[in-house]
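One-letter residues, chain by chain:
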2 protein chains.
Amino acid sequence: MTAAKVILDGNQVAMDIKEKLSGRVMSLLEQGIVPCLATILVGDDPSSATYVRMKGNACKRLGIRSIRVELPENTSTDELIAAIQELNADPNVHGILLQHPVPHQIDERAAFEAISIEKDVDGVTTLGFAQNAFGFADFPSCTPEAIVAILDYYHIPIEGKHAVVIGRSPILGKPVSLMLLNKDATVTTCHSKTTNLEDIVRLGDIVVAAVGRPKFVKGDWIKPGAVVLDAGYNEGNIGDVDYADCLEKASAITPVPAGVGPVTIATLLKHTVEAAEKLADFRENS
Amino acid sequence: MTAAKVILDGNQVAMDIKEKLSGRVMSLLEQGIVPCLATILVGDDPSSATYVRMKGNACKRLGIRSIRVELPENTSTDELIAAIQELNADPNVHGILLQHPVPHQIDERAAFEAISIEKDVDGVTTLGFAQNAFGFADFPSCTPEAIVAILDYYHIPIEGKHAVVIGRSPILGKPVSLMLLNKDATVTTCHSKTTNLEDIVRLGDIVVAAVGRPKFVKGDWIKPGAVVLDAGYNEGNIGDVDYADCLEKASAITPVPAGVGPVTIATLLKHTVEAAEKLADFRENS
């Protein structure tokens with residue numbers, strides 16, 4: 001790696017993913033298949049509403065249909081599952097995304113599990129998670145896949161590197177740890193109970209922040225020359241990484257916004273197109 | 001922890017687990033339910049045959065029935081899956097264990113997947129793996145659970161400790177990493193592509209060797225006072241850890257034999273009894 005500092009531009013990576021998709025969308029349309037993503041939003045959290053809208057707009061620009069299912073704040077688990085099952089059964093829907101967090105009365109795990117594996121484009125089911133852990137998932141969780149896509153796009157080697165992941169959630173910290181492990185990184189997963197967190201982070205050739213606390217990761221936690229990926233999105237569009245501070249130390253870093261976020265959305269579109277292609281293949285072969 | 005060196009006696013932990021089971025087995029027998037483990041052995045690998053025999057004997061001593069299905073070396077994936085499905089359908093079988101490795105012509109993953117989740121007492125299915133990763137598995141893989149059981153039995157704290165796992169297999173390295181993570185350790189997973197392995201292992205407060213290479217882990221890789229768990233079982237009953245060498249440095253260590261092995265078998269029995277109890281509960285409530 002050269003001494004020059006690289007800003008890992010998520011918009012550019014996202015554009016690359018989307019450019020490669022446009023021909024595939026056209027080809028599906030010619031076969032009479034309109035790829036379609038259904039997003040479900042429960043309650044009226046303003047940031048969640050913004051994310052869902054961004055995803056819908058990104059679909060539209062690429063010729064992907066999007067359906068928005070909006071359910072009231074007091075929706076029960078059973079009602080949410082019923083809505084998911086309706087989308088599972090709808091042959092015109094190829095991908096289903098349940099925007100989280102969901103209101104507290106809902107059993108989020110039960111809701112995630114209700115998504116059929118063929119439409120689980122964000123890898124939230126236990127089955128999708130394990131397939132990713134074993135390295136053969138059709139649809140790994142979008143943010144973890146986006147992080148790997150950014151590293152690949154910028155030809156940043158993963159094999160043999162020490163990756164430190166801060167966070168252990170089922171849709172981010174754990175799956176990204178396992179993806180990096182499958183790509184032959186040595187992986188350390190940290191969390192709120194980690195002692196000497198700063199010392200551990202300082203071991204990382206690659207640092208992934210997925211902790212959900214604004215500007216949590218400081219510059220002096222970063223080994224000089226490390227690659228820093230910020231998967232946080234906190235209120236006010238602030239990442240988990242203190243960007244200005246870490247920029248000094250890192251050889252490469254993702255900004256927020258325009259880092260991991262747009263690549264996550266592009267990955268979601270890619271999975272939706274792939275889900276639609278699988279259906280097209282199935283029709284052709286049956 | 002005191003300065004005294006602790007030999008983590010797996011036989012003692014196993015006895016404790018089995019003692020707690022005997023009353024539960026009696027109670028099942030009184031209800032007319034004979035807990036039953038079916039083991040499947042494909043081919044004629046002598047060590048595998050020994051392990052299967054040991055498991056069968058352990059069942060017998062506890063009043064658990066065991067069935068041994070032996071299939072020839074040239075069994076196909078389809079034939080193996082058919083045998084598994086027969087056991088899935090048999091109401092008198094509560095747990096199914098496919099002894100691995102299986103001969104090379106068999107798709108091991110497909111075979112594991114064929115085991116129904118209710119009978120997956122070794123946590124080998126993708127679903128069982130993910131449930132364990134998320135912390136709500138009925139039956140985590142037996143060796144990972146045995147490792148945690150040994151730490152618990154000897155009151156060795158896990159929370160906030162740095163655990164280093166050497167190995168990333170789907171039934172050992174990965175699930176034990178995730179179990180220790182769920183128990184609030186900071187977890188580093190290493191493997192054949194790890195650079196500076198010795199330096200990484202030296203970070204570990206808890207070191208789990210699950211690499212499948214005899215006497216691989218040397219004493220000078222071990223941080224003074226670390227706890228060393230040897231999950232290896234190589235030919236000639238030799239562990240993955242150079243025991244005499246590591247004994248010098250460790251505060252606590254499992255021997256081979258009489259370390260992780262017997263606890264793994266006791267855990268398998270426990271899961272079989274639990275699977276039978278679930279059936280009993282189901283009958284009572286339906």
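Criteria and thresholds
Residues numbered from 1 in each chain as written. Chains lettered and ligands numbered in written order. Predicted model: local features only at pLDDT ≥ 70, side-chain atom pairs only at ≥ 80, totals over all residues. Heavy atoms only, no water. Least-squares fit on C-alpha atoms with pLDDT ≥ 70 in both. Buried < 20%, exposed > 50% of the residue type's maximum accessible area, 1.4 Å probe, protein only. Helix = DSSP H or I, 4+ residues; strand = E, 2+ residues; numbered from the N terminus. Contact = heavy atoms within 4.5 Å. Phe/Tyr/Trp six-rings, centres within 6.5 Å; stacked < 30°, edge-to-face > 60°. Axes fitted to C-alpha atoms, helices over the stretch in contact; angles between N-to-C directions. Parallel < 35°, antiparallel > 145°, perpendicular 65-115°, else oblique. Left-handed = near helix turned anticlockwise from the far one by under 90°. Nonpolar A, V, L, I, M, F, W, Y, C, P; charged D, E, K, R; others polar.

Focus on the relation of the copies chain A and chain B
Under the fitted operation, chain A is carried onto chain B by 0.0 Å of movement along the axis and a turn of 180 degrees, and the coordinates agree to an RMSD of 0.0 Å. What the rotation and shift describe, once combined, is the action of a two-fold rotation axis. Judged by C-alpha distance, Thr-188 of chain A is the residue of chain A that lies nearest the rotation axis, at 2.0 Å.

Some thoughts on helix α5 (residues 126-133) of chain A
Counting buried residues in α5 of chain A gives seven out of eight residues, a clear majority hidden from the surface. Burial in α5 of chain A covers these residues: Thr-126, Gly-128, Phe-129, Ala-130, Gln-131, Asn-132 and Ala-133 of chain A. Where α5 of chain A is buried, its residues touch α4 (108-114) and α7 (173-182) of chain A together with α5 (126-133) and α7 (173-182) of chain B. Gly-135 of chain A lies just past α5 of chain A and shows a positive phi near 85 degrees.

Here we look at the packing of aromatic side chains
The description of an aromatic ring pair rests on the distance of the ring centres and on the angle between the ring planes. This model, assessed by the stated rule, comprises 10 aromatic pairs over all chains. Ring geometry for Phe-129 of chain A against Phe-134 of chain B: centres 4.6 Å apart, planes inclined by 55 degrees, an arrangement best described as tilted. On the criterion of chain membership, the pair formed by Phe-129 of chain A in helix α5 and Phe-134 of chain B in the loop between α5 and α6 (142-153) is interchain, its members lying in two chains. In this structure, Phe-129 of chain A and Phe-134 of chain B share a single accessibility class: buried. Judged by centre distance (6.2 Å) and plane angle (45 degrees), the rings of Phe-134 of chain B and Phe-136 of chain B are tilted. A relative accessible area of 14% means that Phe-134 of chain B is categorised as buried. These aromatic residues form a ring-pair network of at least three members: Phe-129 of chain A together with Phe-134 and Phe-136 of chain B.

Comments concerning the packing of α6 of chain B against helix α10 (residues 260-285) of chain B
Residues and elements named next belong to chain B. Contact geometry for α6 and α10: axes closest at 8 Å, N-to-C directions at 110 degrees. One element, α6, and the other, α10, form an angle in the roughly perpendicular class. The interaxial crossing formed by α6 with α10 has right-handed handedness. Touching Cys-142, Thr-143, Glu-145, Ala-146, Ile-147, Ala-149 and Ile-150 of α6 are Val-260, Val-263, Thr-264, Thr-267, Leu-268, Lys-270 and His-271, all from α10. Looking at the contact of α6 with α10, its residues break down into eight nonpolar, four polar and two charged.

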